[in-house]
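# A look at the structure
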Amino acid sequence: MAEPKAGNAKKSAPEAARATESEPAVKAERAPLLRHGDGRARCFWCGTDPFYMAYHDDEWGVPERDSRALFEKLLLDGFQAGLSWITILRKRENFRRAFDGFDPETMARYDAAKVEALMADAGIVRNRAKVEGAVASARAYLDLRDRGIAFSDLMWEAVDGETRVNRPRRIADVPAQTAQSMALSKRLKGLGFKFVGPTIVYAAMQACGLVDDHLAGCHCASRKAGGV
């Protein structure tokens, strides 16, 4: 999952999801897992939407080590700020089309005309600061690569190269940010990346499996760290 919506700026991804679901937050806190028709228990934030359930099962918390894929997820988490993650998830293919597969080399060459074209694209989130921030981040990505540092290595250094398995039991046990996300956020900002505050970064760390925050009892909690 990704960065919480506005008004929940200090909440972690699952907490923000909780705030946007139809069930009251207190009910989610008492029953943080949902048991679905397939007999599997899942973290409550994916609800009963099959699309969201598939994301929960197949992507969220699964270790991602490909630099371009990590870059894409970090940018999408930045675009989610102020919105629900399901909104971004449903627009993801539109984002991939609009941003040329999130290829940093292509994005780094975007000019003012391309930015205006993106601002006219109803298939994505049309926020100028975020669009321009994505272009700036692509240039920072290339600068990093030119220095001989792979983006994947930079991200995974935050957790010493290994998934940190937390296994929280309650929603309240899931942090909005950690010392690691704050340190990584500071480093990314220093390199020129945009929309990489510590809460956004922690959401990306959750989504990309740098940390595994599946709740205890979730069927994904039995997944081995580093694999599926």
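Heads up: these notes are all about the structure in this document. (Residues numbered from 1 in each chain as written. Predicted model: local features only at pLDDT ≥ 70, side-chain atom pairs only at ≥ 80, totals over all residues. Heavy atoms only, no water.)

Okay, the side chain of Lys 130 next. Among the secondary structure elements, Lys 130 is positioned in helix 8 (residues 128-146). Taking relative accessible area as the criterion, Lys 130 reaches 7% and is therefore assigned buried. (Helix = DSSP H or I, 4+ residues; strand = E, 2+ residues; numbered from the N terminus. Buried < 20%, exposed > 50% of the residue type's maximum accessible area, 1.4 Å probe, protein only.)

Membership of the largest hydrophobic core comes to 62 residues, with the highest contact counts inside it found for Phe 95, Phe 99, Met 107, Phe 151, Leu 188 and Met 205. Taken together, the elements giving at least two residues each to this core come down to helix 3 (50-58), helix 4 (67-80), helix 5 (85-98), helix 7 (112-119), helix 8, helix 9 (151-157), helix 10 (179-191) and helix 11 (198-207). With 8 residues, the top contributor of residues to this core is helix 8. For Phe 99, the residues in contact, after removing those within four places along its chain, are Phe 79, Met 107, Tyr 110, Leu 118, Ile 124, Val 131 and Ala 134. (Core = buried A, V, L, I, M, F, W, Y, C linked by side-chain atoms within 4.5 Å. Contact = heavy atoms within 4.5 Å.)

This brings us to the packing of helix 4 against helix 11. Two elements in contact, helix 4 and helix 11, have axes whose closest approach is 9 Å; the angle formed by their N-to-C orientations is 135 degrees. Regarding the angle of helix 4 to helix 11, the classification is oblique. For the pair helix 4 and helix 11, the sense of crossing is right-handed. Residue-level inspection shows Lys 73, Leu 74, Asp 77 and Gly 78 of helix 4 in contact with helix 11, the latter providing Ile 200, Ala 203, Ala 204 and Ala 207. Of the residues assigned to the contact of helix 4 with helix 11, the class counts are 5 nonpolar, 1 polar and 2 charged. (Axes fitted to C-alpha atoms, helices over the stretch in contact; angles between N-to-C directions. Parallel < 35°, antiparallel > 145°, perpendicular 65-115°, else oblique. Left-handed = near helix turned anticlockwise from the far one by under 90°. Nonpolar A, V, L, I, M, F, W, Y, C, P; charged D, E, K, R; others polar.)

For the coordinates displayed, the defined rule picks out 16 salt bridges. One salt bridge in this structure joins Glu 93 and Arg 96, with 2.6 Å as the shortest N-O distance. One end of the pair, Glu 93, and the other, Arg 96, are both in helix 5, 3 residues apart, so they sit about a helical turn from each other. Between Arg 145 and Glu 105 there is a salt bridge, with its nearest N and O atoms 2.8 Å apart. Of this pair, Arg 145 sits in helix 8 while Glu 105 sits in helix 6 (residues 104-107); the two residues are 40 residues apart in sequence, bridging distant segments of the chain. In this structure, a network of salt bridges that share partners links the residues Arg 68, Glu 72, Glu 93 and Arg 96. (Salt bridge = Lys/Arg side-chain N within 4 Å of Asp/Glu carboxyl O.)

In terms of backbone geometry, most residues other than glycine have negative phi values and most peptide bonds are trans. With a phi close to 60 degrees, Asp 160 is a non-glycine residue in the positive phi region. Relative to the elements of secondary structure, Asp 160 occurs in the loop between helix 9 and strand 3 (164-165). On the accessibility criterion, Asp 160 (65% relative accessible area) is exposed. Within the chain, Phe 195 stands out as a residue other than glycine whose phi angle is a positive 55 degrees. Looking at the secondary structure, you find Phe 195 in the loop between helix 10 and helix 11. You can call Phe 195 partly exposed: its relative accessible area is 33%.

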